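Chain by chain, the residues:
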Amino acid sequence: MNDYSVLMSLYKNENADNFEDSLKSIFRQTLQPAQVVLVVDGPIGEKLKGVASKYSQLLDIVWLKSNHGLGYALAVGLKHCKYNFVARMDTDDLAISKRMEKQVKFLDKHPDVSVVGGYIAEFEHFPQQNSLIRKVPNDIMKIKTYSKRRNPLNHVTVLFRKKDILAVGSYQPFEGFEDYYLWVRLLAKGYKLANLPEVLVYVRIGNEMIYRRQGTAYFFRDFKFQHHLLVTGYITLPVFFLNFFTRCMVRLLPVKILGRVYKKFARK
């Protein structure tokens, strides 16, 4: 009854040591996964191949000949997941040992909930040292309200029911917002989401993370996503303009200033 799959996507720019640490955190779970699906999204270097080969007997590896992006890779990977409960995990983050056990038990007790996530602790060098916590709302009404302004779930923490994800079209390409786009479609269709009020995953951060969220390219991605929410009726015009100035415009700030903004206003 508690069997679950873990879904991961690996890209060429990932660090091999971090990738192995992430795998170790999965295989140290108090409730072990019945399956770990790893989608290799395009060509990767020898070090990453070496780690994948080392754990190949514990992994169901799906090799994509070229890079397609996270949304496509996860949609492909989800088709290979054998179990209805599926946990997402990034290839450079660290799950606490009881993460999956806590989330599986929660979904068992709440059959009306489709997705359960939790908090993340962001760190630069060592977990649990000067970590910044990204908290997210816990109950469905607060999640719905929050989702109109910000992503209501930490993607790397979620465990969901595969059948419900497939019912709304699975993961779809929307660069930079593949997960947020999925949560919005679930909420719009009346599915329930939840978060556990505790840290479930330690996430590596640094200037590289800020660079990925900064600049004109991300500005236009964010604008495109906000415009989609507007034209589909998920947000109103006033909320669109508010999001434009508080979300899109900050993408144009210098990296150092943007980093300070995240630490002061988006993390605790």
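Use the structure listed above.
Just so it is clear, the model here is predicted, and its values are computed rather than measured.

Visitor: Would you take a moment to explain the pattern of salt bridges for this structure?
Guide: Two side chains of opposite charge can pair, provided their charged atoms sit close to one another. Scanning the entire structure with this criterion turns up nine salt bridges. Among the ionic pairs, lysine 192 bridges to aspartate 112, the shortest N-O distance being 3.0 Å. With a gap of 80 residues between them, lysine 192 in strand S9 (residues 192-204) and aspartate 112 in the loop between helix H4 (99-109) and strand S6 (113-123) connect regions that are remote in the sequence. Residue classification places lysine 192 among the partly exposed residues on the basis of a relative accessible area of 36%. The partner of lysine 163 in a salt bridge is aspartate 164, and the shortest N-O contact between them spans 3.1 Å.

Visitor: Looking at this structure, how should I read the nonpolar core?
Guide: Across soluble globular proteins, you tend to see nonpolar side chains buried next to one another. Leu7, Val115 and Trp183 are the most contacted members of the largest nonpolar core, which has 36 residues in total. Elements that contribute at least two residues to this core include exactly strand S2 (35-41), strand S3 (60-64), helix H3 (70-80), helix H7 (178-188) and helix H9 (216-231). The leading source of residues in this core is H7, at seven residues. For valine 115, the residues in contact, after removing those within four places along its chain, are Leu153, Val158, Leu159, Phe160, Ile165, Trp183, Leu186, Lys192, Leu193 and Ala194. Formed by 35 residues, the second largest nonpolar core is a distinct cluster that contains Ile44, Leu48, Val51 and Val104.

Visitor: Honestly, the environment of isoleucine 44 in this entry has me stumped. Any pointers?
Guide: The topology assignment puts isoleucine 44 in the loop between S2 and helix H2 (46-54). Given a relative accessible area of 10%, isoleucine 44 falls into the buried group. Separated by 32 residues in sequence, isoleucine 44 and lysine 12 place their C-alpha atoms 4.3 Å apart. Each residue touching isoleucine 44, except ones within four places of it in the same chain, is listed here: Leu10, Tyr11, Lys12, Lys49 and Trp63.

Visitor: Help me understand the packing of H7 against H9, please; the structure alone is not making it clear to me.
Guide: In a packed pair of helices, the relevant descriptors are the angle between the two axes and the axis-to-axis distance. Between H7 and H9, the shortest axis-to-axis distance is 12 Å and the interhelical angle comes to 10°. Viewed along their axes, H7 and H9 adopt a mutual orientation that is roughly parallel. Residues Tyr180, Tyr181 and Val184 of H7 form the contact with H9, whose participating residues are Phe225, His228 and Leu229. Each residue belonging to the contact of H7 with H9 can be placed in one class, and the counts come to five nonpolar, one polar and no charged.

Visitor: Quick question: what am I supposed to make of the pairing of strand S1 (residues 4-10) here?
Guide: The two faces of a sheet get side chains in turn, since along a regular strand they alternate between them. Extensive coverage of S1 is indicated by the burial of seven of its seven residues. Residues Tyr4, Val6, Met8 and Leu10 line one face of S1 and the alternating positions Ser5, Leu7 and Ser9 line the opposite face, and both faces are buried. The sheet contact formed by S1 and strand S4 (residues 85-88) spans four bridges and is parallel. Bridge pairing in S4 links serine 5 to valine 86. The pairing of S1 with S2 spans six bridges and is parallel. From the neighbouring strand, leucine 10 faces S2, where its bridge partner is valine 40. In terms of handedness, the path from S1 via helix H1 (residues 16-27) over to S2 forms a crossover that is right-handed.

Visitor: I tried to follow the packing of aromatic side chains on my own but got confused; where do I start?
Guide: To describe a pair of aromatic rings, you give the distance between the ring centres and the angle between the ring planes. For the coordinates displayed, the defined rule picks out 12 aromatic pairs. When the centroid spacing of 6.2 Å and the interplanar angle of 10° are considered together, the rings of phenylalanine 27 and tyrosine 55 count as stacked. Taken together, the positions of phenylalanine 27 in helix H1 and tyrosine 55 in the loop between H2 and S3 put the pair 28 residues apart, joining distant regions of the chain. Each residue in the set Phe219, Phe220, Phe223, Phe240, Phe241, Phe244 and Phe245 is aromatic and connected to the rest through ring pairs, giving one cluster. Note that lysine 148 overlies the ring of tyrosine 234, its terminal NZ or CZ placed 4.2 Å from the centroid. Its end group placed over the ring of tyrosine 181, arginine 185 keeps NZ or CZ at 4.4 Å from the ring centre.

Visitor: Help me understand unusual backbone geometry, please; the structure alone is not making it clear to me.
Guide: In most cases, non-glycine residues show a negative phi, while peptide bonds are predominantly trans. The backbone of serine 170 sits at a positive phi, close to 65°, despite the residue not being glycine. Of note, serine 170 is situated in the loop between helix H6 (162-167) and H7.

Visitor: Please explain H2 as it appears in this structure.
Guide: In an α-helix, one full turn covers 3.6 residues, which means residues spaced three or four apart are oriented alike. Within the sequence span of H2, burial applies to Leu48, Val51 and Ala52. The buried residues of H2 all sit within an arc of 100° when viewed along its axis, so they share a single face. Away from the buried face of H2 by more than 90 degrees, exposed residues Glu46, Lys47 and Lys54 are located. Turning to H2, the residues buried within the fold contact S1, H1, S2 and S3.

Criteria and thresholds
Residues numbered from 1 in each chain as written. Predicted model: local features only at pLDDT ≥ 70, side-chain atom pairs only at ≥ 80, totals over all residues. Heavy atoms only, no water. Salt bridge = Lys/Arg side-chain N within 4 Å of Asp/Glu carboxyl O. Helix = DSSP H or I, 4+ residues; strand = E, 2+ residues; numbered from the N terminus. Buried < 20%, exposed > 50% of the residue type's maximum accessible area, 1.4 Å probe, protein only. Core = buried A, V, L, I, M, F, W, Y, C linked by side-chain atoms within 4.5 Å. Contact = heavy atoms within 4.5 Å. Axes fitted to C-alpha atoms, helices over the stretch in contact; angles between N-to-C directions. Parallel < 35°, antiparallel > 145°, perpendicular 65-115°, else oblique. Nonpolar A, V, L, I, M, F, W, Y, C, P; charged D, E, K, R; others polar. Pairing = 2+ DSSP bridges. Right-handed = clockwise from strand over helix to strand, strands pointing away. Phe/Tyr/Trp six-rings, centres within 6.5 Å; stacked < 30°, edge-to-face > 60°. Lys NZ or Arg CZ within 6 Å of the ring centre and 35° of its normal. Arc of directions from axis to C-beta.

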